[in-house]
Amino acid sequence: MIYEHYITALNTLLKLMAESFDYPLTTNLAIGLITTLLYLAYFNQSFLNKDLTFLSKAIRTASKGTFWMLFCGIFVSLWMVYGYLSFALPKPHIYHSINSLMKAFWVANLIAIALGLLIAPFLQLLIKRNLEPSVAGFIERLGKRKVDIYKTPSAKTLGRPIPNAKPFDPSRYFKEAQKCQSYFIGLNDVNKPVYLPYEEFNSSHMLVLGFTGFGKGTFVNNILWQAIAQKTTTVLFQPKVDEWSASVLDAACKNANKKLTRINLNAPIASINPILGCNENELFEILTSTFDLVTSSKESDFHKLRDRKGAKLFSKIMRDLPDATLTDLVKHQNKYLNGLEKECVGLITQIEELADLPQTQVIDGFDLQTFINSGDCLLVESNVGNESLKLLSKMIFTRLMQIAENRTDKNKHLLVFCDEARHKCSIKYLQALGTIRDKNVNIISACQSIADLEVPQAGYDAQTVKNTILDNNALKWCYRSNYETAKWVSEQAGSMSVNKEIQTTYCNEAVSESAYGDKKIVCDEVPIIHPNEILGLPKFTAVALGMGTCASISSTGTIRVNKVDVPHLEGSPKPHKDEGDLL
């Protein structure tokens, strides 16, 4: 109803305006336009408001002044015309015409003013709903910044943190790195090579994080290639068979005139005796570490005490059979357990499972003690889906760490790579991260996220184990991973001081929100590398932590080699012994 009355009033005013029209229409329209503009200038206060920037104030002041000048100028001109008609022409001839003209003039102007006042609210609504936000944005763009403002990385910037990154062959940087007594790590964001000195790398453990397929294996292969070229003894523990890793290592060993030994624990081939050369104490440590027999104050550890006692008794076999195998432990359990067989069922069952593996039934299997100072390369492949093979891989790792700790000649550096480190997690692994560096040994551990490191072990809760691993790896190379890992990496990268802009928004009478007004610049701490950037890292691009003065993003390349079939190690099966062998 209100809308209909409003339209009716407009039609009536237009009709009266047309009936009273005796002078140029442009004058009448100008009066209405000036009335509308004056209404907008004085009643639309939030548009180009007084509390805005200097530019906004200037525009508002100039517009209002222009409106006043036009308004006054038109009325002065009309009165000048009236004066001319009144005094310059003979009055008898024009008196009636002048009165008629002035009557029509005032009626038409009043109608025009009323029409302008009726149209102005519609224009005001249009301005406030549409034009005002647009003008605010235009004024914002006109402003010239003299201070750099930090912007949080958004989804539009994800996936391209290194705009100039291209696939490259890392081997062309190896010679230059060798001259600098350094490892080539990758290319930074301006495609410059990043080097890590031998001394810094060899004295620190490294953790490689990232989803499968993003470049963890590629990066480690690049490091191992350079390590083999430096005559460093290298050992790889792979949770699966990776033909490309074997091909890369084979090419690296041939290039350095070194030997590659491949032990595939998945193949039913006699290959290694994990307790070869152990003394009594070393065998006890191997059994307790592999089967997690380290006790704590928990009541649930009561059963572990029995198995631990059984492991101690089992270890005495090394006094009588220095070359004993796991099969010998099972075969002579009655002699050494002294009637505790029923109490140590768990321990005996696990040992029997390993002893039944053809891989451990060997006479002249791989000798870790001879290998460790050779400068050669050893690849051990297992299967994470086979619990017995996982335990055997842990046992080999423990024995390797024992030999590295007790060797007399520690001049030869040993580099150990544990892929999917959670499957190697044991008390010996945790101890090695803290103490083995002094023995000229460093470990590279790889996993998909920091959550993979939450493995309860040796009486420690999952969080303690994770923190122990993270704290003992000074060097970190982090590819794209989940949000928890990305947030942690961002925190480890540190923060920097930046300028942030604070801007006030307001809602006008037309319920239209605008974000302009006086701005404030504040100093704030933000991550050097935002979690959003880590979540958007492309393949073969990672965040380097602990390598240099601050965190940086670098890319890695793939070494191109021909795929070859590397043969597996095969030893001689061990014949069964009878009780007379112990005499």
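In what follows, the structure referred to is the one given above.
Residues numbered from 1 in each chain as written. Predicted model: local features only at pLDDT ≥ 70, side-chain atom pairs only at ≥ 80, totals over all residues. Heavy atoms only, no water.

Trainee: Is there a simple way to explain the overall build of the chain in this structure?
Mentor: Check the secondary structure of the chain and you find 20 helices and 15 strands. Counting over 583 residues, the chain shows a buried share of 47%. Put simply, 77% of the contacts in the chain that link residues at least 6 apart link residues at least 24 apart. As displayed, the chain has an accessible area near 29200 Å², and 57% of this comes from carbon and sulfur atoms. (Helix = DSSP H or I, 4+ residues; strand = E, 2+ residues; numbered from the N terminus. Buried < 20%, exposed > 50% of the residue type's maximum accessible area, 1.4 Å probe, protein only. Contact = heavy atoms within 4.5 Å. Areas by Shrake-Rupley, 256 points an atom, 1.4 Å probe, with all protein chains shown as cover.)

Trainee: Sorry, what's going on with the packing of aromatic side chains here?
Mentor: One pair of aromatic rings is described through two measures. These are the centre distance and the angle between the planes. Here the structure, examined in full by the defined rule, presents 13 aromatic pairs. The ring of Y336 has K335 lying over it, and the distance from NZ or CZ to the ring centre is 5.8 Å. (Phe/Tyr/Trp six-rings, centres within 6.5 Å; stacked < 30°, edge-to-face > 60°. Lys NZ or Arg CZ within 6 Å of the ring centre and 35° of its normal.)

Trainee: Help me understand the nonpolar core, please; the structure alone is not making it clear to me.
Mentor: One finds F237, F291, L400, V416, I443 and V543 to be the most contacted residues of the largest nonpolar core, which totals 81 residues. Top contributing element to this core by residue count: helix α16 (residues 387-406), with 10 residues. The contact partners of I443, leaving out residues within four places of it in the chain, are H205, M206, F397, M401, V416, C418, A432, L433, I436 and N473. Core analysis: the next-biggest nonpolar cluster, separate from the first, contains 45 residues, F219, I223, I228 and I559 among them. (Core = buried A, V, L, I, M, F, W, Y, C linked by side-chain atoms within 4.5 Å.)

Trainee: Sorry if this is basic, but what is going on with the environment of T468 here?
Mentor: Tracing the backbone through its elements, the reader meets T468 in helix α18 (residues 462-471). The class of T468 is partly exposed, set by a relative accessible area of 25%. Distance in space between the C-alpha atoms of T468 and L453 is 9.4 Å, their sequence separation being 15 residues.

Trainee: Looking at this structure, I do not really get the side chain of S388. What am I missing?
Mentor: Following the sequence through the fold, S388 ends up in helix α16. Classification of S388 as buried rests on a relative accessible area of 12%. Looking at S388, its side chain comes within polar contact range of the side chain of E353, at 3.5 Å. Excluding residues that lie within four positions of it along the chain, S388 makes contacts with E353, L354 and L357. (Polar contact = N/O pair within 3.5 Å; in protein donor to acceptor, adjacent residues only side chain to side chain.)

Trainee: I'm lost on the environment of S245 in this one. Help?
Mentor: Structurally, the position occupied by S245 is in helix α8 (residues 243-255). Taking the C-alpha atoms as reference points, S245 and L379, separated by 134 residues in sequence, lie 9.1 Å from one another. When neighbours within four sequence positions are excluded, S245 is seen to be in contact with N221 and Q238.

Trainee: I keep staring at helix α17 (residues 427-435) and nothing clicks. Help me out?
Mentor: Since the α-helix advances by 3.6 residues per turn, residues separated by three or four positions end up pointing in the same direction. All of the buried residues in α17 are I427, K428, Y429, L430, A432 and L433. On the buried face of α17, the contacting elements are α9 (280-290), α16, β8 (441-447) and α18.

Trainee: Would you take a moment to explain the packing of α9 against α16 for this structure?
Mentor: Between two packed helices, what matters for the description is the angle formed by their axes and the separation of those axes. Between α9 and α16, whose axes approach to 9 Å, the crossing angle comes to 140 degrees. Considering the angle they form, α9 stands oblique to α16. For the crossing formed where α9 meets α16, the hand is right-handed. Where α9 abuts α16, its residues E282, E285, I286, S289 and T290 lie against L391, K394, M395, T398, R399, Q402 and N406. For the contact of α9 with α16, the per-class residue count stands at three nonpolar, five polar and four charged. (Axes fitted to C-alpha atoms, helices over the stretch in contact; angles between N-to-C directions. Parallel < 35°, antiparallel > 145°, perpendicular 65-115°, else oblique. Left-handed = near helix turned anticlockwise from the far one by under 90°. Nonpolar A, V, L, I, M, F, W, Y, C, P; charged D, E, K, R; others polar.)

Trainee: What am I meant to see in unusual backbone geometry here?
Mentor: Outside of glycine, negative phi angles account for most residues, and trans bonds account for most peptide bonds. We note that D292 has phi near 50 degrees; this positive angle belongs to a residue other than glycine. Tracing the backbone shows D292 in the loop between α9 and α10 (302-314). With a phi angle near 50 degrees, E420 is a residue other than glycine that sits in the positive phi range.

The quantities given are spatial measurements derived from coordinates; they are silent on function.
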